[in-house]
Amino acid sequence: MTATTPLWEVFIRPRNGLAHKHVGSLHAADEVMALQSARDVYTRRGEGNSIWVVPSAAITASDPDQTAENFEPTADKIYRHPTFYDTPEDVGHM
Amino acid sequence: MYSQGLIGADGRTEETPEFLARFQKRIDAEEKIEPKDEMPEGYRRTLIRQIGQHAHSEIVGMLPEGNWITRAPSLRRKAALLAKVQDEGGHGLYLYSAAETLGVSREEMTEELLSGKAKYSSIFNYPTLSWADMGTIGWLVDGAAIMNQIPLCRCSFGPYARAMIRVCKEESFHQRQGYEIVMTLAQGTPEQKAMAQDSLNRWWWPSLMMFGPHDADSQHSDQSMAWKIKRFTNDELRQKFIDATVPQAEYLGLTIPDPDLKWNEDKGGYDHGTIDWDEFWRVVKGHGPMAKDRIKARKKAWDDGAWVREAALAHAEKRRARKIAAE
């Protein structure tokens, strides 16, 4: 039985001017094969012009159990949004 | 290529009523569930089973068509068939990686396929006897797959839904190239038209079986519907498929091999004859004409590829060691 082949996350930039976006994952022995495989698996129909592969083990993710503490406080900080502030109509669009 | 009505999943779960109610509330609000979110064990198991069966079906589904690549009648047909089979390999890989987000490993899934523990779509246990079958598979089998897969794009589990969106985008090419093959034969010589009709005769009933047992006999449907893994029942999808396909056959001048098939004005759809469920269960359980060959071919590919996997890992290790030594 062989050792398991590492897992990689694949990110693709659809075209210049856009950010790389996560599209899925794949198994490959090293980064060279991961790139080749990503090209075959995820870009058969012009999906992009640039690929990143990242070892899945290298990703640190926020804990879903802490989603509320992490992200809910922003909901009640309405003063962070422009619409919180009144500006007179006479000054026009601001 | 396609996912069957789920075969043999165990959706039982043992969490507290409060936990299950909280989870159901998220589902009912159409929130997507992501891999590290809390989820009932039954939900996780059902999805691992279903996505696994779906992935295996894509991989095994490469075999009946691979059988004809070298014998395609023209370069155009050969290039299309190669691209289609490559897509199916790709679909299998998207789906395996979606299943892996639930905590099952690729090796476990492969092992379950090769040992016969995991099921795959019964349709691939039928042989592809003539070139016309390449057309019929694209038209009917991929057509049935699309019926099944479009609602799966809205499945409550995020990674499965995202994989299905990619798959569906590619699947339409498969169906159209199949229909074109059948159309070319149907408009050809009497012999060619007979080939198309013979192929339709052999694939029609197995295609209807792809949607799985009738709703009344499908024990896992209710829970999957409540969890929004499934959006339509087996019978609803089968009906949509028949209603869409009958006019396509009429256009070709081919006859659907079901003497009881007739339009039902009241329900606005076709009534069909009795499906041979004994055959379905025989084939699901591995007694289809090609079942042994399919698993044998997968096992051979896995065993013959072992040295490649080992060599790739050894090479990666050597490069890593050299890099460290150079630093």
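Cut-offs and rules
Here the residue numbering is sequential within each chain, running from 1 through the sequence in written order. Here the convention is simple: chains get letters from A, ligands get numbers from 1, in the order in which they are written. In view of the model being predicted, local features appear only for residues whose pLDDT reaches at least 70, and side-chain atom pairs are presented and counted only at 80 or more, with totals across whole chains, interfaces and linings using the full set of residues. No hydrogens and no water enter the side-chain calculation; it runs on all heavy atoms of the structure. Put plainly, a pocket is an open set of points on a 1 Å grid over the protein atoms alone with protein on both sides within 12 Å along at least five of seven lines, a cavity is a set where a 1.4 Å probe fits but cannot get out, and a lining residue has an atom within 4 Å of a point. Grid points are joined across faces, edges and corners, and a volume is the space filled by probe spheres set on the points. Each helix corresponds to a stretch of at least 4 residues labelled H or I by DSSP, and each strand to a stretch of at least 2 residues labelled E; elements are numbered beginning at the N terminus. Lys, Arg, Asp and Glu make up the charged group, whereas Ala, Val, Leu, Ile, Met, Phe, Trp, Tyr, Cys and Pro make up the nonpolar group; the residues left over, Gly among them, are polar. Two strands are said to pair when DSSP picks up at least two bridges between them. Interaxial angles span 0 to 180 degrees and are taken between N-to-C directions of axes, which are lines fitted to C-alpha atoms, for helices over the stretch in contact. Exposure is judged per residue with a 1.4 Å probe applied to protein chains only, and the accessible area is read against the type maximum: over 50% gives exposed, under 20% gives buried, and values in between give partly exposed. Contacts are assigned to residue pairs that have any heavy atoms within 4.5 Å of one another. The quantity reported as buried area is the accessible area (1.4 Å probe) lost by two parts once they are put together, taken as the sum for both. We define a salt bridge as a side-chain nitrogen of Lys or Arg found within 4 Å of a carboxyl oxygen belonging to Asp or Glu. Throughout this description, a polar contact denotes any pair of N or O atoms lying within 3.5 Å of each other; where both atoms belong to protein, one of them has to be capable of donating a hydrogen while the other can accept it, and for residues adjacent in sequence the pair is counted only when both atoms sit in side chains. Aromatic rings from Phe, Tyr and Trp, taking only the six-membered ring of Trp, are treated as a pair when their centres fall within 6.5 Å; an angle between ring planes under 30 degrees marks them as stacked, one over 60 as edge-to-face, and anything in between as tilted. Every helix has an expected span of 1.5 Å times one less than the residues it contains. Asp and Glu count as negative and Lys and Arg as positive, but His and the ends of the chain are not part of the count.

### Digging into the layout of surface pockets
- Computed from the structure, the largest pocket encloses a volume of approximately 1300 Å³.
- Forming the boundary of the largest pocket are 36 residues, of which Glu 9, His 22, Val 23 and Gly 24 of chain A together with Arg 162 of chain B lie nearest the centre.
- For the lining of the largest pocket, the secondary structure elements donating two or more residues are β1 (7-13) and β2 (21-27) of chain A together with α4 (75-100) and α7 (158-186) of chain B.
- When residues of the lining of the largest pocket are assigned to their parent elements, the largest contribution, seven residues, is made by α7 of chain B.
- By residue class, the composition of the lining of the largest pocket is 15 nonpolar, nine polar and 12 charged.
- Space inside the second largest pocket adds up to approximately 1100 Å³.

### Quick notes on the sheet that holds β1 of chain A
Residue and element names in this part refer to chain A.
- Ordered in space as β2-β1-β3, the three strands form an open sheet in which the pairing is antiparallel. Two strands bound the open sheet, and with one partner strand each, they are β2 and β3 (50-55). The sheet shows a mean angle of 30 degrees between the axes of neighbouring strands, taken without regard to direction.
- Sheet topology places β1 next to β3; six bridges connect them, and they run antiparallel. Across the sheet, the residue bridging to Ile 12 is Ile 51, located in β3.

### Here we look at the environment of Gly 273 of chain B
Residues and elements named next belong to chain B.
- Looking at the secondary structure, you find Gly 273 in the loop between β2 (269-271) and α11 (277-287).
- In this structure Gly 273 comes out as buried when scored by relative accessible area, which is 7%.
- If we skip the residues at most four places from it in the chain, Gly 273 touches Trp 205, Asp 258 and Asp 260.

### As for the interface of chain B and chain A
- In this assembly, 23 residues from chain B lie in contact with 22 residues from chain A.
- Summed over both sides, the interface of chain B with chain A buries roughly 1900 Å², with 54% coming from carbon and sulfur.
- Taken as a group, Glu 107, Arg 166 and Leu 313 of chain B account for 27% of the area that chain B buries against chain A, more than any other trio of residues on that side.
- At the boundary of chain B and chain A, one finds six salt bridges.
- In this structure, Asp 87 of chain B engages Arg 45 of chain A in a salt bridge whose closest nitrogen and oxygen atoms are separated by 2.5 Å.
- Connecting chain B to chain A are 10 residue pairs in polar contact (both at pLDDT 80 or more).
- Of all the secondary structure elements, the ones that give two or more residues to the side of chain B that touches chain A are α4, α5 (106-114), α7 and α13 (306-326) of chain B.
- Within the side of chain B that touches chain A, the residues separate by chemical class into seven nonpolar, five polar and 11 charged.

### A short note on the side chain of Ser 130 of chain B
All names here are of chain B.
- For Ser 130, the position within the fold is in the loop between α5 and α6 (132-152).
- Overall, Ser 130 belongs to the buried group, its relative accessible area being 14%.
- Beyond its immediate sequence surroundings of up to four residues, Ser 130 is in contact with Trp 68, Met 195 and Arg 202.

### Concerning the packing of aromatic side chains
All names here are of chain A.
- If you walk through the whole model with that rule in mind, you get 14 aromatic pairs over all chains.
- Geometrically, the ring pair formed by Phe 11 and Trp 52 is tilted, given 6.5 Å between the ring centres and 55 degrees between the ring planes. You can see Phe 11 sitting in strand β1 and its partner Trp 52 sitting in strand β3, a full 41 residues away along the chain.
- For Trp 52, a relative accessible area of 47% puts it in the partly exposed group.

### Examining helix α2 (residues 41-60) of chain B
- The terminal C-alpha atoms of α2 of chain B lie 28 Å apart, and with 20 residues this matches the ideal 28 Å at 1.5 Å per residue to within 8%.
- Most of α2 of chain B sits inside the fold, with 15 of its 20 residues counted as buried.

### Observations regarding the side chain of Glu 171 of chain B
All names here are of chain B.
- When you line up the elements, Glu 171 lands in helix α7.
- Here Glu 171 sits buried without a salt bridge, and the closest side chain of opposite charge, Lys 84, lies 5.8 Å off (N-O distance).
- Among the polar contacts listed, one links the side chain of Glu 171 to the side chain of Gln 149, at a separation of 3.0 Å.

### Re the pattern of salt bridges
- Applying the stated criterion across every chain, the model contains 29 salt bridges over all chains.
- Across the pair Glu 31 of chain A and Arg 319 of chain B runs a salt bridge, and its minimum N-O distance is 2.8 Å. Note that Glu 31 of chain A is positioned in helix α1 (residues 31-42) and Arg 319 of chain B in helix α13, a pairing that runs across two chains.
- Residue Glu 38 of chain B is joined to Arg 22 of chain B by a salt bridge in which the shortest nitrogen-to-oxygen separation is 3.2 Å. Residue Glu 38 of chain B is located in the loop between α1 (17-28) and α2, and its partner Arg 22 of chain B is located in helix α1; the two are separated by 16 residues in the primary sequence.

Fair warning: the whole summary comes from geometry, so function is off the table for now.
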